[in-house]
Amino acid sequence: TIGGKPQLLVITRTAIHSLNPDTGMDHWNFPTRKQSSGNLYAASPVVFGNHIFIGGGYGLGAQLLQLGNESPKKLWHLDDALSTLYASAIHDGGFLYGFHGHPGLAEGRRFRCVEVASGKVVWEEVQSGSGTVTRSGENLLMLMDTGELVLDKATPKGLQIKSRAQIVGRPTRS
């Protein structure tokens, strides 16, 4: 539910759509960079308040949209903020946390904190691999593509690893 209205968000090759879940009809749609077979938006949109964050890989970049009564307004679109190829970002207190870039490349092994207001990268840490991230209370759980599960605390000041364990083999895709 966004703005008191039930909505289903879907990213297609050319736009993000807000659909009425009962009828499938568009509430609105907002053009994105055109995807091709070589680039894609695979991570789910992140909705918080009246904002939607979308990130894509292979040069699609990241965008922050603000919802009003009708179609969204683009607040920023940056190529090097947080390109969440497969794993959705986590929003917490005005910051987004997530993996940046393609997991098969060195850039995809970076976990970033990005300020929502500006899209500015606050910090980044090189990881042993890429992965997925989910919130667990005040902590984040990262399942790395190496099969390692990492429990950490992410704040605008940095990433504090609390615990880690090898739980499955590699490669792990989740």
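Here we summarise the structure given alongside this text. (Residues numbered from 1 in each chain as written. Predicted model: local features only at pLDDT ≥ 70, side-chain atom pairs only at ≥ 80, totals over all residues. Heavy atoms only, no water.)

**Some words on the sheet that holds strand β7 (residues 73-78)**
Within a sheet, adjacent strands bond to each other through the backbone by hydrogen bonds, running parallel or antiparallel.
Right, so step 1: Spatially, four strands are ordered β4-β5-β6-β7 in an open sheet, and the strand pairing comes out antiparallel. With partners counted over all chains shown, the strands left at the sheet margins are β4 (46-48) and β7, one partner each. Neighbour-to-neighbour, the strand axes of this sheet turn through a mean angle of 15°, independent of strand direction.
Right, so step 2: Bridge count for β4 against strand β5 (residues 51-56) is three bridges, and the pairing is antiparallel. (Pairing = 2+ DSSP bridges. Helix = DSSP H or I, 4+ residues; strand = E, 2+ residues; numbered from the N terminus. Axes fitted to C-alpha atoms, helices over the stretch in contact; angles between N-to-C directions.)

**Describing the side chain of S18**
Right, so step 1: Looking at the element boundaries, S18 is found in strand β2 (residues 15-19).
Right, so step 2: For S18, a relative accessible area of 0% gives the class buried. (Buried < 20%, exposed > 50% of the residue type's maximum accessible area, 1.4 Å probe, protein only.)

**Digging into the pairing of β5**
Right, so step 1: When you tally the buried positions in β5, you get six out of six residues, the bulk of the element.
Right, so step 2: The alternating pattern of β5 places H51, F53 and G55 and I52, I54 and G56 on opposite faces, both of which are buried.
Right, so step 3: In sequence, β4 turns back onto β5 through a hairpin of two residues, with G49 there showing a positive phi of about 55°.
Right, so step 4: In this structure, β5 lies alongside strand β6 (residues 61-66), joined through six bridges in antiparallel fashion. Bridging from a neighbouring strand, H51 pairs with Q66 of β6.
Right, so step 5: The antiparallel hairpin formed by β5 and β6 contains four residues in its connecting segment, where Y58 sits at a positive phi of about 60°.

**Some words on the pattern of salt bridges**
Right, so step 1: Under the definition given, this model contains six salt bridges.
Right, so step 2: Here D80 and R112 are joined by a salt bridge, their closest N and O atoms 3.7 Å apart. Taken as a pair, D80 in the loop between β7 and β8 (90-92) and R112 in strand β10 (residues 110-115) lie far apart in primary sequence, 32 residues in all.
Right, so step 3: For R112, a relative accessible area of 6% gives the class buried.
Right, so step 4: R164 is paired through a salt bridge with E148; the nearest N and O atoms lie 2.7 Å apart. With R164 in strand β15 (residues 158-166) and E148 in strand β14 (residues 148-155), the pair connects residues that are 16 residues apart, well separated along the chain.
Right, so step 5: Of the residues examined, R164 reaches a relative accessible area of 43% and is grouped as partly exposed.
Right, so step 6: Take E148: its relative accessible area is 13%, and that puts it in the buried class.
Right, so step 7: The network of salt bridges with shared partners includes D80, R110, R112 and E124. (Salt bridge = Lys/Arg side-chain N within 4 Å of Asp/Glu carboxyl O.)

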